[in-house]
Amino acid sequence: MVMKIRTIKYFLGEGFTGIWKNSLMTLASIGTVIAALIIFGIFILFSTNLNYIGTQIQDEQEIRAFIDESMTAEQVQEIGRQIEDLAFVRECRLETKEQALENLREDLGEGNERILEGLDEDNPLRDAYIVKLKDIAYTREVAGEISSIDGIAVVREAEEAVDKLLNIMEVIRMFSLGIMILLAFIAVFIISNTIKLAVFARRKEINIMKFVGATDWFIRWPFIVEGMVIGLIGAVIALVLTGYGYSYTTEYISQNLGMFRLRQFDEVFEGVALIFISLGTTIGALGSAISIRKYLRV
Amino acid sequence: MILLTNVSKTYSNGTIALKNVNLYIAKGEFVFVVGPSGAGKSTLIKLLMREETASYGDIIVNDFDVGNLKRQYIPYLRRSIGTVFQDFRLLPNKTVYENVAFAMQVTEASAKEIRRQVPFILGMVGLASKAKMCPHQLSGGEQQRVSLARALVNNPAVLIADEPTGNLDPETAWDIVKLIYDINRRGTTVVMATHAREIVNGMKKRVIALENGMIARDDEKGVYGYED
């Protein structure tokens, strides 16, 4: 559709005037957008952090494969290659017994150096491969395969509790995805109803436009502009509120239950802003389009 | 030019509004449509505007095949028809000037054309001095002049007036009819549905009388002919 510049100006002008004239209705619509987007945002941030914590757990989880002392350096390397060839192995790093001793010393901390005295000359520890997986759900299987490799003395794997925690997180994630979809529908419904009131208040105007020969799109655009601006304003306010709320909440959580790192708001800002603004304007435009349809049939 | 051939209209609730109407109105004619309430006057106007579609028959208005008009061309039919209603239908929060300019904006006329045409039309209907007022500051007759100005601003070939004097006192009504007659003499075809006996009898123009959805009379220089 080719549109003249002055017509676009007219649409924008009418769209903005409409917002000003129906200010009470507009406030109600903006409020709905804000509420819907904030609830939406909470779920987005919640599941983002669940994912983040999930990757942290995944990251920390490792299998230690201790190598028999009788193995030569070449054999140790061969074992490493075999482990790397296994399915689901993301990373396989050799920790020599000297490094292991060093780590142990650090873990024990100052004042306890005596316990490890003399071990440098006769190190009782073993070389080990530290294996990280692409998906820790397969820990047991991979651990089993590693232990069947020749030259592996002992395999120590992740605890089962972590596995269960991850399962719970998966359930929560699916649940919040469902709620997110439901909320999107509710938001479109509420906004289309609110804009329906605005359209109803201006049905006389629409009727006049019809009989002086306005095309459907000419009538529709100002309302769509209005809906999109309402959505945009709502999105910006929701973004600011969500930002502050989120920053305070994460600060509180990391001070009081700082088990895991949480995402900082500036890390997720771009994504959330993009979702809020595109969702807000889409919901507004969609709501307008739905609610004006009926009045165009004259 | 308006041509109806064998036009019938039955509403979905079963009401028969028009039965086999044949009618030709030439370019530049002035025609009254009279008849009791419910005789089919409003339906006739709605069919011409394509607010309703005929159940049967063909309608041609200004070279538009109204019955077979695609939805996206309806606005262009309506731009070729000026319409005036009993209840004026002005936008209350726009000024007189804006109300008239509105009809031009809809056709995507340029700002320059609007600035030239709107004052000219307002002058023609005698409202040049009230351009900045809002409808509620005007008398009924003045409001009807505004709606006339709006109907004429796009130079339509046909003016349809649906009881334009219904809400006006007799003296003001005559002023409006004289104005419509002026417009007619400039070449615009006028179709005026009315209950105003004095006006119909006084004008001595073609009168089409509808009764029970059929044309009961069609007289050159006719009279109103009803007692109400």
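What you are looking at is a predicted structure, and each value in this text was computed from that prediction instead of being measured.

Details of the overall build of chain B
Next up, step 1: Tallying secondary structure elements over chain B gives seven helices and ten strands in all.
Next up, step 2: A buried classification covers 52% of the 228 residues belonging to chain B.
Next up, step 3: In chain B, the share of contacts with a sequence separation of at least 24, taken over all contacts with a separation of at least 6, comes to 68%.
Next up, step 4: For chain B, the accessible area works out to roughly 10300 Å², and carbon and sulfur atoms hold 49% of it.

Some words on the pattern of salt bridges
Residues and elements named next belong to chain A.
Next up, step 1: Within this structure, the stated rule accounts for 14 salt bridges over all chains.
Next up, step 2: Where Arg64 meets Glu62, a salt bridge forms, and the shortest distance between an N and an O atom there is 3.3 Å.
Next up, step 3: Residue classification places Glu62 among the partly exposed positions, given a relative accessible area of 26%.
Next up, step 4: Its salt-bridge partner being Asp216, residue Lys210 comes within 2.9 Å of it at the nearest N-O pair.

Observations regarding the interface of chain B and chain A
Next up, step 1: In this complex, chain B contributes 23 residues to the contact, which on the side of chain A involves 20 residues.
Next up, step 2: Carbon and sulfur atoms make up 56% of the area that chain B and chain A hide from each other, which totals about 2000 Å².
Next up, step 3: The interface formed by chain B and chain A includes one salt bridge.
Next up, step 4: Of the charged contacts, one joins B:Arg71 and A:Asp216 as a salt bridge, the two residues approaching to 2.7 Å between their closest N and O atoms.
Next up, step 5: There are four residue pairs in polar contact (both at pLDDT 80 or more) connecting chain B and chain A.
Next up, step 6: Taken together, the elements giving at least two residues each to the side of chain B that touches chain A come down to helix H2 (74-79), strand S6 (81-85) and helix H3 (96-106) of chain B.
Next up, step 7: Per-class residue counts for the side of chain B that touches chain A are eleven nonpolar, four polar and eight charged.

Some thoughts on the pairing of strand S8 (residues 189-193) of chain B
Residues and elements named next belong to chain B.
Next up, step 1: Here S8 lies mainly inside the structure; five of its five residues are buried.
Next up, step 2: Note: strand S3 (residues 30-34) against S8, four bridges, orientation parallel. The partner of Phe32 across the bridge, within S8, is Met192.
Next up, step 3: Each parallel crossover has a hand, and for strand S7 (residues 158-162) linked through helix H6 (residues 170-185) to S8 it is right-handed.

Looking at the side chain of A:Asn49
All names here are of chain A.
Next up, step 1: Looking at where Asn49 falls in the secondary structure, it is placed in helix H2 (residues 23-60).
Next up, step 2: Relative accessible area serves as the criterion here: at 9%, Asn49 is assigned to the buried category.
Next up, step 3: Sequence-distant contacts of Asn49, defined by excluding residues within four places in its chain, comprise Tyr246, Leu262 and Arg263.

What to know about the packing of helix H7 (residues 203-211) of chain A against helix H8 (residues 216-256) of chain A
If you want to describe how two helices pack, look at the angle between their axes and the distance between the axes.
Residue and element names in this part refer to chain A.
Next up, step 1: Close contact between H7 and H8 brings their axes to 9 Å; oriented N to C, the two are set at 155°. The orientation of H7 relative to H8 falls into the category roughly antiparallel. Both H7 and H8 take part in a crossing whose hand is right-handed. Where H7 abuts H8, its residues Ile206, Met209 and Lys210 lie against Asp216, Phe218, Ile219 and Phe223.
Next up, step 2: Of the residues in the contact of H7 with H8, the class split is five nonpolar, no polar and two charged.

Description of the sheet that holds strand S2 (residues 16-25) of chain B
All names here are of chain B.
Next up, step 1: Pairing within the open sheet is antiparallel, and its four strands lie in the order S2-S1-S4-S5. A strand with exactly one partner marks an edge of an open sheet, and here the two such strands are S2 and strand S5 (64-65).
Next up, step 2: Relative to strand S4 (residues 56-61), strand S1 (residues 2-10) is paired through five bridges, and the arrangement is antiparallel. The residue of S4 that forms the bridge with Leu4 is Ile59.
Next up, step 3: Helix H1 (residues 41-49) contacts S1, S2 and S4 of the sheet and is inclined by roughly 115° relative to S1.

How each quantity is defined
Residues numbered from 1 in each chain as written. Chains lettered and ligands numbered in written order. Predicted model: local features only at pLDDT ≥ 70, side-chain atom pairs only at ≥ 80, totals over all residues. Heavy atoms only, no water. Helix = DSSP H or I, 4+ residues; strand = E, 2+ residues; numbered from the N terminus. Buried < 20%, exposed > 50% of the residue type's maximum accessible area, 1.4 Å probe, protein only. Contact = heavy atoms within 4.5 Å. Areas by Shrake-Rupley, 256 points an atom, 1.4 Å probe, with all protein chains shown as cover. Salt bridge = Lys/Arg side-chain N within 4 Å of Asp/Glu carboxyl O. Buried area = accessible area lost by both parts, 1.4 Å probe. Polar contact = N/O pair within 3.5 Å; in protein donor to acceptor, adjacent residues only side chain to side chain. Nonpolar A, V, L, I, M, F, W, Y, C, P; charged D, E, K, R; others polar. Pairing = 2+ DSSP bridges. Right-handed = clockwise from strand over helix to strand, strands pointing away. Axes fitted to C-alpha atoms, helices over the stretch in contact; angles between N-to-C directions. Parallel < 35°, antiparallel > 145°, perpendicular 65-115°, else oblique. Left-handed = near helix turned anticlockwise from the far one by under 90°.

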